Amino acid sequence: MNLANWLNSEAFTVFGQHIKWSDMIGNIIGLIALALGWRRSIWTWPAQLLSGVILLVAFASAHLSGSAGKQLVVIVVALWGWWSWNRGRQQAQDGSIAVRFATWRERGLLIGAAAVGTLAVGGLFTAFPSLSWDPWPDAYIFVGTVVAMYAQARGMVEFWFAWLLVDLVGVPLNFANGFAFSGFVYVIYGALVLWGMRDWWLRTRTPALEGATA
């Protein structure tokens, strides 16, 4: 059995739900990545990269093109975010990334990009049904993840709000498509997102801790 087949094999069954190795391992690493993002650690990006690779295998095997494509974007944006944070443009005095609220113009651009992107990707999935079993939720998650990771790479507190909106659709979609572990983990994501949002929010109220922009 090669690695891909093993990742897509069943790990165990709980409450009638079949848990796949790829679904479980990828999401556990994703939780670690989110916790590292909460701590503003640069290691959030390699963790997101690894999680994206594993979940790509999981979703591709289930023919969920939107979710699989989302993981490709996760991989690309994780590489870009890793590079961006490594440049040290916004380093705080404790060595972690400095954070801020987006400007109203940036918020408008994020919302506009999310709306237009969802319509475009959802339209594509609707025109070609073989690309996704759930075209509009899949498109919403795909685009929402891109927006969230972009905002995280730029050190914007709004990235937590974007993740919350993705979670609202991600939980039922994962349960409906047989990825029960992803569904359970998305619930945990919700709690971590709220705590992380609070931490980043407080950081914006204590600029002295953040230091000057490098």
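Residues numbered from 1 in each chain as written. Predicted model: local features only at pLDDT ≥ 70, side-chain atom pairs only at ≥ 80, totals over all residues. Heavy atoms only, no water.

Asker: What's the story with the overall build of the protein chain in this structure? I'm lost.
Answerer: Along its length, the protein chain carries nine helices and two strands. For the protein chain, the α and β elements follow one another from N to C terminus as α-β-β-α-α-α-α-α-α-α-α. Within the protein chain, the fraction of its 214 residues that count as buried is 48%. Intrachain contacts of the protein chain at a sequence separation of at least 6 include 67% that bridge at least 24 residues. Accessible surface, the protein chain: about 10,500 Å² in total, of which carbon and sulfur atoms supply 72%. (Helix = DSSP H or I, 4+ residues; strand = E, 2+ residues; numbered from the N terminus. Buried < 20%, exposed > 50% of the residue type's maximum accessible area, 1.4 Å probe, protein only. Contact = heavy atoms within 4.5 Å. Areas by Shrake-Rupley, 256 points an atom, 1.4 Å probe, with all protein chains shown as cover.)

Asker: What should I look at first to understand the nonpolar core in this one?
Answerer: Across soluble globular proteins, you tend to see nonpolar side chains buried next to one another. Counting 41 residues, the largest nonpolar core has Met-149, Trp-160, Trp-163 and Trp-200 as its most contacted members. Counting only elements with at least two residues in this core, the list comes to helix H2 (21–38), helix H3 (44–61), helix H4 (65–86), helix H5 (104–127), helix H6 (135–153), helix H7 (158–176) and helix H8 (180–204). With nine residues, the top contributor of residues to this core is H6. The residues that make up this core include at least three from each of domain 1 (19–92) and domain 2 (99–202). Beyond its immediate stretch of four places on either side in the chain, Met-149 contacts Trp-45, Gln-48, Val-74, Val-77, Ala-78 and Trp-163. In terms of nonpolar packing, the next biggest core, distinct from the first, is built from five residues, Ile-29, Ala-33, Ala-47 and Ile-54 among them. (Core = buried A, V, L, I, M, F, W, Y, C linked by side-chain atoms within 4.5 Å. Domains from an automatic or database assignment.)

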